[in-house]
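# Examination of the molecular architecture
This is what each chain is made of:
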Amino acid sequence: MAAVPPRVPWDRGQQQSAQRATLLGMDITAQLIDQLDSHWTDQLRPRLAGLSDEEYFWEPVAGCWNVAARGTSAAPIQAGSGTHTIDFAVPEPRPAPVTTIAWRLGHVIVGVLAARNAAHFGREPADYFTFAYAGTAAGALVQLDREYAGWLDGVRGLGAAGLTRPCGPAEGDWAQAPMATLVLHISREVIHHGAEITLLRDLYAHRDPARRLTGPAD
C-alpha cells in the first residue's frame, strides 16, 4: 500500500478508442458506467450485505495488516484521523502482509474512490492519513456506498469530451492520460478488490474453529 493512490497506466490506444466511439455516436459514458455498476448492483454489493464486525476485522493468518483502534497496532505506519487507523509501511515489505476485509475496504474507500472523488469531482480532500476509518463493518459500508455514489455521479457528468481530456496533475506521472483510462482503472480496482473481499467472506464462513489458521494442525 503506497502513501498516495496508485497511478493509472498511460494507454494511448484507449484514448483513441474513446475518440472513435464518440465519432460513431456511441454513448461511451453509459458503456463505462454500466461495466462497473452492473457488477456492483448484481454481484458485489449484495455479497457485502450482513457483514459482521467479526468478519470485518478477522485475521486469517498471523501478521495481517488491518484497521485497528488507535494505538493498538504494531504496523510501521498507522494512518488515520479518527478512532481507528489503517496499517501500512513504506517501502512495502516483500511479500506484503495479507490484508483483512477492513483493510481492503479502507483501501477501496480512500485510495481508490475518495482520493479520486476529491481530485476530480469536487469532494473535500481525502487521503490515507486524514481519513477517519470506520470502527464497524456497518460504518465502513456506509462510507463505501457514499464514495461509490460520488464516483459514479462524477463519471456521469464527464460526457464524451470529459472522457478524452487529460486527467491532470492529480495523477502525477500519468497526468496526460485520458479520463477514460482512469475510469477503466477504477473499475478494475473496485472489481478485483471486491472479489478479494468476498473471497475472505467465503473463507470466514467455512473456517474450521478446531483448526488454527495460522499454522498446521496439531
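Here the residue numbers are simple positions, counted from 1 along each chain's written sequence. Given that this is a predicted model, residues contribute local features only at a pLDDT of at least 70 and side-chain atom pairs are listed and counted only at 80 or more, while totals for whole chains, interfaces and linings are drawn from all residues. Side-chain numbers here rest on the full set of heavy atoms in the structure, without hydrogens or water.

Right, let's talk about the nonpolar core for a bit. Buried Ala, Val, Leu, Ile, Met, Phe, Trp, Tyr and Cys residues that are joined via side-chain atoms within 4.5 Å together make up what is termed a nonpolar core. For the exposure calls, accessible area comes from a 1.4 Å probe over protein chains only, and a residue counts as buried if that area is under 20% of its type's maximum, exposed if over 50%, partly exposed in between. Within the largest apolar cluster, 52 residues are counted, with the highest numbers of intra-cluster contacts made by Tyr-56, Leu-105, Leu-113, Leu-144, Trp-151 and Val-190. Helix numbering and strand numbering both begin at the N terminus, where a helix is a DSSP run of H or I of at least 4 residues and a strand a DSSP run of E of at least 2. Breaking this core down by element, the ones donating at least two residues are α2 (28-47), β3 (84-88), α4 (101-121), α5 (137-156) and α7 (179-205). For this core, the element with the most residues is α7, which contributes 10 residues. The contact rule is simple, with two residues in contact once any of their heavy atoms fall within 4.5 Å. Setting aside chain neighbours within four positions, we find Val-190 in contact with Leu-36, Trp-40, Leu-44, Val-108, Val-112 and Leu-113.

We define a salt bridge as a contact between a side-chain nitrogen of Lys or Arg and a carboxyl oxygen of Asp or Glu at a distance within 4 Å. In total, this model carries 10 salt bridges according to the counting rule given. Across the pair Glu-54 and Arg-207 runs a salt bridge, and its minimum N-O distance is 3.9 Å. One end of the pair, Glu-54, is in helix α3 (residues 53-57); the other, Arg-207, is in the segment after α7, and 153 residues separate them in sequence. Arg-207 gets classed as partly exposed once you look at its relative accessible area, which sits at 31%. Between Glu-55 and Arg-201 there is a salt bridge whose closest N-O contact spans 2.9 Å.

A few words on the packing of aromatic side chains. Geometry of aromatic contacts follows a simple scheme: Phe, Tyr and Trp rings, the Trp one being its six-membered ring, pair when their centres are within 6.5 Å, and the pair is stacked under 30 degrees between planes, edge-to-face over 60, tilted otherwise. With the rule as written, the count across this model stands at eight aromatic pairs. Grouping aromatic residues by their ring pairs yields a cluster made of Phe-88, Tyr-128 and Phe-129. Charge over a ring is defined by NZ of Lys or CZ of Arg lying within 6 Å of the ring centre and within 35 degrees of the ring normal. The ring centre of Tyr-204 lies 3.8 Å from the NZ or CZ of Arg-207, which sits over that ring.

Looking now at the pairing of β3. Counted residue by residue, β3 has five buried out of five residues, so it is predominantly covered. Alternating positions in β3 separate into two faces, His-84, Ile-86 and Phe-88 on one and Thr-85 and Asp-87 on the other, with burial throughout. The rule for pairing is simple: two strands pair if DSSP sees at least two bridges between them. Pairing of strand β1 (residues 67-69) with β3 involves three bridges; the strand directions are antiparallel. Note that in β3 the partner of Ala-69 across the bridge is His-84. The sheet contact formed by strand β2 (residues 77-79) and β3 spans three bridges and is antiparallel. Paired with Ile-77 across the strands is Phe-88, a residue of β3. Here β2 folds back onto β3, and the loop between the two strands holds four residues, one of which, Gly-80, carries a positive phi near 140 degrees.

Here the focus is the packing of α2 against α5. Two measures define how a pair of helices packs: the angle their axes make with one another and the distance between the axes. A fitted line through C-alpha atoms serves as each axis, taken over the contacting stretch for helices, and the angle formed by two N-to-C directions is quoted from 0 to 180°. Closest axis-to-axis distance for the α2/α5 pair is 10 Å, and the angle between their directions is 160 degrees. Taken together, α2 and α5 sit at an angle that is classed as roughly antiparallel. The crossing of α2 and α5 is left-handed. Residues Thr-29, Ile-33, Leu-36, Asp-37, Trp-40 and Arg-45 of α2 form the contact with α5, whose own contacting residues are Leu-141, Leu-144, Asp-145, Tyr-148, Trp-151, Leu-152, Val-155 and Arg-156. Only Asp, Glu, Lys and Arg are considered charged in this grouping, and only Ala, Val, Leu, Ile, Met, Phe, Trp, Tyr, Cys and Pro are considered nonpolar; every other residue, Gly among them, is considered polar. Across the contact of α2 with α5, the residue classes break down as nine nonpolar, one polar and four charged. Convention used here: angles under 35 degrees read as roughly parallel, angles over 145 as roughly antiparallel, angles from 65 to 115 as roughly perpendicular, and any remaining angle as oblique. Crossing handedness follows the turn of the near helix against the far one: under a right angle anticlockwise gives a left-handed crossing, and clockwise gives a right-handed one.

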